[in-house]
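Observations on chain architecture
One letter stands for each residue in the lines below.
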Amino acid sequence: MAMAAKPPLGWNSWNTFSHEINETLIKETADAMVASGLKDAGYEYIVIDDCWSLRQRDENGRLVADPEKFPSGMKALTDYVHSKGLKFGMYSCVGTRTCADFPGSFDHEFIDAETFAEWGIDYLKYDYCFKPRSAHGPTLYRRMAMALRNCGRDILLSACNWGNDNTTEWIRSTGAHMYRSTGDIIDSWQSIKEIAQSQMAMQKFAGPYCYNDMDMLVVGMYGKSHNSWIASKGGCTTEEYKTHFSLWAMMNSPLMIGCDIRDMSEETKAILMNEDILAINQDPEGRTPYFCKEWDHEPDTVVHMFKPLENGDYALGFFNFYDDVCGGHVEFADMGLPTRGYGLQLYDLWEKKDLGIHTCKFSVTLPAHHCLMLRAKIVKL
Ligand code: GAL
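For the structure given in this document, a descriptive report is provided here. Since the structure is predicted, the reported quantities are computational estimates derived from the model, not experimental observations.

**Describing the environment of Asp313**
With respect to the helices and strands, Asp313 occurs in the loop between strand E10 (302-308) and strand E11 (314-320). With relative accessibility at 6%, the residue Asp313 sits in the buried group. In this structure, the C-alpha to C-alpha distance between Asp313 and Val379, residues 66 residues apart in sequence, is 10.0 Å. Apart from residues no more than four positions distant in its own chain, Asp313 is found in contact with Lys307, Pro308, Arg375, Ala376 and Lys377.

Here it is, written out as structure tokens:
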């Protein structure tokens, strides 16, 4: 079955829990995914990241789930997640060890794919630490992709080599369904901004069946993490999380939630379950946005993005990366709209408000780090 026709949606343990993972957490997270409404909103994968296994393989060369963290075993946990109507994901690494020094899949790709299939997993995040220097990175992704594609289950491959080694040139051909096109995110505005700005030039490489992964969301973390590095800047404001979510949605990134979904504020729920923004991310055509940065400030302070949608509408995103209020206007002719005879019927996706029909241009003033997300219908006047 073809996977990742749309950007995958789910949750991953790393941002908040790091090494502090166990079967109770995963079960409670699966329960929360359903009870909170996230599942109905479209989120489907529950993924455990690094630190789930024992430090050594067993005598048959198989990976072993840590029995203290996962006393019922992985198969039982997968069954539980599946019983909730969700899919289950795990993590391994191209190299001899994972980034947190657990066994990696180097030279064990087929046996590991077999193990994952036996456990019933649906998703594999595949990292890039401890790659033997002589080994060829693309071949290692190809090998795991080949193993997964022939293990008897549909397992989505989420490559994670942080955009290193000219990933864009070879990643689609490996068979990976998404690939990390950036380094690691941390829970700070600076990190969100740097990642978003670095990804604008990368849009030409994104598309259905192999999306650019801008890394897991930090929405709703508010500085809470067992990983002191991820929490080191103290978190973001709700408006910054909205901007973050909008940017990831506009640029077709997979949306993998990174906060503790068992304990979300109403603001966090409203962001993660904004169905209009999710619809932009999940638009069936998966078109990449185009950009317009002409505003009379430093380059890249305010960015406009326009994304064609399947039904003829356009998503319009205005993002203020500047640390102060910023204003300006967009000329619809820059989007391609004729200067006469046509206008845009605008709808504000965060305020859920119809803004009426506008012709020729639209003026926007945004406080620091805020965004405006609109859906535009082309109307004949
Ligand atoms: C990094 C990866 C993170 C997380 C971590 C686990 O390489 O980018 O997302 O998976 O390893 O050790």
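**Re the pairing of strand E16 (residues 371-380)**
Sheet topology places E11 next to E16; 6 bridges connect them, and they run antiparallel. Bridging across to E16, Leu316 finds its partner in Leu374. For strand E13 (residues 342-348) and E16, the ladder comprises 7 bridges, and the chain directions are antiparallel. For Tyr347, the partnering residue across the bridge sits in E16 and is Arg375.

**What about the sheet that holds E10?**
Spatial strand order, E9-E10-E11-E16-E13-E14: 6 strands in an open sheet with antiparallel pairing. The strands lining the two open edges of the sheet, one partner per strand, are strand E9 (290-292) and strand E14 (353-358). Sheet twist, expressed as the average angle between the axes of neighbouring strands with direction ignored, equals 25 degrees. Running at roughly 140 degrees to E11, helix H10 (residues 238-250) makes contact with E10, E11 and E16 of the sheet.

**Some points on the site of the ligand**
As a structural note, the neighbourhood of the ligand is formed by 13 residues, with Asp49, Asp50, Lys125, Asp127 and Asp184 the closest of them. A distance of 2.6 Å separates an oxygen atom of the ligand from a polar side-chain atom of Asp49. Between the ligand and Trp162, the relevant distance is 3.0 Å, taken from an oxygen atom to a side-chain nitrogen or oxygen of the residue. Here the ligand, which alone exposes 310 Å², has 94% of that area covered by the protein. Its residues assigned to classes, the shell around the ligand shows 7 nonpolar, no polar and 6 charged.

What counts and what doesn't
Residues numbered from 1 in each chain as written. Predicted model: local features only at pLDDT ≥ 70, side-chain atom pairs only at ≥ 80, totals over all residues. Heavy atoms only, no water. Helix = DSSP H or I, 4+ residues; strand = E, 2+ residues; numbered from the N terminus. Buried < 20%, exposed > 50% of the residue type's maximum accessible area, 1.4 Å probe, protein only. Contact = heavy atoms within 4.5 Å. Pairing = 2+ DSSP bridges. Axes fitted to C-alpha atoms, helices over the stretch in contact; angles between N-to-C directions. Near = heavy atom within 4 Å. Polar contact = N/O pair within 3.5 Å; in protein donor to acceptor, adjacent residues only side chain to side chain. Areas by Shrake-Rupley, 256 points an atom, 1.4 Å probe, with all protein chains shown as cover. Nonpolar A, V, L, I, M, F, W, Y, C, P; charged D, E, K, R; others polar.

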